[in-house]
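# Descriptive analysis of the structure
Listed here are the chains, written in short residue letters.
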Amino acid sequence: MSEPKNQHIIPQCYLKQFVDPNTPAGQEPYVWIFERGTKRGKKKAPKNILSETDFYTLKIKSGEKDYAIEKTLAQIEGEYAAVFDKKIKDKIPLDNYEHLVLCAFVAAMLQRTLKQKENIEGFFDQLISMTEEMEKAHGVPPKKSLELRKEKENAHKVSVMQMIPHITKILMRMNLAFLCSIKRGSFITSDSPCYLFNSRLQFQRFYGPGLGQKHVEVRMSLSPEISLCFSWVNNLRGYLEIGTDWVHESNRMTFGHSHQYFIANSPRIKRRWFRRFPLDPIFIWRIFINKARIRINRFNQHRKYHV
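Now for a description of the structure that goes with this document. Counting restarts for each chain: residues are numbered from 1 in the order of the written sequence. Where totals are concerned, whole chains, interfaces and linings use all residues; where local detail is concerned, this predicted model gives features only for residues with pLDDT of at least 70, and gives and counts side-chain atom pairs only at 80 or more. Remark: hydrogens and water are excluded; side-chain values derive from all non-hydrogen atoms of the structure.

In this section: unusual backbone geometry. Apart from glycine, the bulk of residues carry a negative phi angle, and the bulk of peptide bonds sit in the trans form. In the Ramachandran plot, Asp54 falls in the positive-phi region, its phi being about 55 degrees despite a non-glycine side chain. Helix numbers and strand numbers start at the N terminus; a helix is a DSSP run of H or I with at least 4 residues, a strand a run of E with at least 2. With respect to the helices, strands and loops of the structure, Asp54 is situated in the loop between β4 (51–53) and β5 (58–59). The buried label goes to any residue with under 20% of its type's maximum accessible area, the exposed label to any with over 50%, and the partly exposed label to all in between, with areas taken from a 1.4 Å probe on protein chains only. The class for Asp54 is buried, based on a relative accessible area of 15%. Positioned with a positive phi, Lys91 is a non-glycine residue whose angle comes to about 60 degrees.

Have a look at this one:
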């Protein structure tokens, strides 16, 4: 049996929900994948995008390769695909086990991406740099920094398996809503499709969103018609119908959290997806007020300490 060396960063079972419904007969179904920086789209089959060789393969000391993580993710993907096809696609409530499967899949999608890998390895790079400086300052051999470099090789892969059970438990406690498009307008996705959002943290740069925060939401498009939202809001549950404006706002958020690519089931894109701020007069007014307060505070601090 061949080993799964070509490993999808974003699984095919997920991407296939976003294939173009107008794919010509006889052609392999494809999605439209756009480069985030240029917004240029290409039609590609799901099996041909967002994959790398040995992305989740553990490197063992003996030189052998361990494919346990890829096989575990494949099992989660298979169970999720069955739940989506049997229940979510037709807007049928999930039973307890199906709910668990969905939570595990979302937990994996939060952790398995290239963006998350770069975040973890970036943290290790900073740690290694500081360790090397301390070793030089104290004149000791670079033992610890070399250990950290070795640990960095599998850091993201180990993190995926360590974090999935913990995140799954938290998601099981949160309220789950499926937001369903009822008019023209399709959800898009990306190479970092699952993200956390806290509306109360938009006007500051000190804290990021976390799963334990009261107002945090976990969002991810599941198909062009359905997007999910985990939250601690009691009345946000079940299958809910939403309008086109909300779909476009969701796409703006999806693009904003993407890493290198975003994906759609059509070559048509909307300019409003790429705006930094939503087309909401109240939101824009809040931005203005917040910036005014910052400038006033800076002015007062300057007067206080430079008079």
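Next, the rest of the story.
In this section: helix α4 (residues 114–138). Expected helix span is given by 1.5 Å per residue-to-residue step, counting one fewer step than there are residues. Under the 1.5 Å per step criterion, the end-to-end length of α4 is 36 Å for 25 residues, consistent within 8% with the ideal 36 Å. When we look at burial in α4, the residues that qualify are Leu114, Gln116, Lys117, Ile120, Glu121, Phe124, Ile128, Thr131 and Glu135. Only heavy atoms matter for contacts: two residues are in contact if any of them lie within 4.5 Å across the pair. At its buried positions, α4 is contacted by β4, α3 (96–111) and α5 (143–173). Positive phi appears at Gly139, one or two residues downstream of α4, with a value of about 65 degrees.

Defined by distance alone, a disulfide is two cysteine sulfur atoms within 2.5 Å. Under the defined criterion, the tally for this structure stands at 0 disulfides. Cys13 forms no disulfide, and the closest cysteine sulfur to it belongs to Cys194, at a distance of 14 Å. The closest cysteine sulfur to the non-disulfide-bonded Cys229 is located on Cys194, 10 Å from its own sulfur. Cys229 sits in the buried class, given a relative accessible area of 2%.

A few words on the packing of α4 against α5. Where helices are involved, their axes are fitted lines through C-alpha atoms of the stretch in contact, as for all axes, and angles between N-to-C directions lie from 0 to 180°. Interaxial distance between α4 and α5 falls to 9 Å at its minimum, and their mutual angle equals 170 degrees. The pairing of α4 with α5 is recorded here as roughly antiparallel in orientation. Mapping the contact onto sequence places Gln116, Lys117, Ile120, Glu121, Phe124, Asp125, Leu127, Ile128, Thr131, Glu132 and Glu135 in α4 and Lys143, Lys144, Ser145, Leu148, Arg149, Glu151, Lys152, Ala155, His156 and Ser159 in α5. Residue polarity follows a fixed list, in which Ala, Val, Leu, Ile, Met, Phe, Trp, Tyr, Cys and Pro are nonpolar, Asp, Glu, Lys and Arg are charged, and the others, Gly among them, are polar. Taken together, the residues of the contact of α4 with α5 sort by class into 6 nonpolar, 5 polar and 10 charged. Orientation categories follow fixed angle ranges, with anything under 35 degrees roughly parallel, anything over 145 roughly antiparallel, 65 to 115 roughly perpendicular, and all other angles oblique.

Another point: the packing of aromatic side chains. Side-chain rings of Phe, Tyr and Trp (the six-membered ring for Trp) are treated as a pair once their centres are within 6.5 Å; stacked means planes under 30 degrees apart, edge-to-face means over 60, and tilted covers the remaining angles. Inspection of the entire model under this criterion finds 13 aromatic pairs. Judged by centre distance (6.1 Å) and plane angle (45 degrees), the rings of Tyr80 and Phe84 are tilted. Of this pair, Tyr80 and Phe84 both sit in helix α2 (residues 68–86), separated by 4 residues, roughly a single helical turn. Owing to a relative accessible area of 2%, Phe84 belongs among the buried residues under this scheme. Between Phe123 and Phe124, the aromatic rings sit 6.1 Å apart at their centres with planes inclined by 90 degrees, giving edge-to-face as the arrangement. Clustering of aromatic rings is evident, with ring pairs tying together Tyr14, Phe18, Tyr80, Phe84 and Phe105. Our definition puts a charge over a ring when NZ of Lys or CZ of Arg is within 6 Å of the ring centre and also within 35 degrees of the ring normal. Arg36 extends its terminal NZ or CZ atom over the ring of Phe255, reaching a point 4.6 Å from the ring centre. Taking the ring centre of Phe274 as reference, the NZ or CZ of Lys39 above it sits at 4.9 Å.

Coordinates in, geometry out; function isn't part of it.
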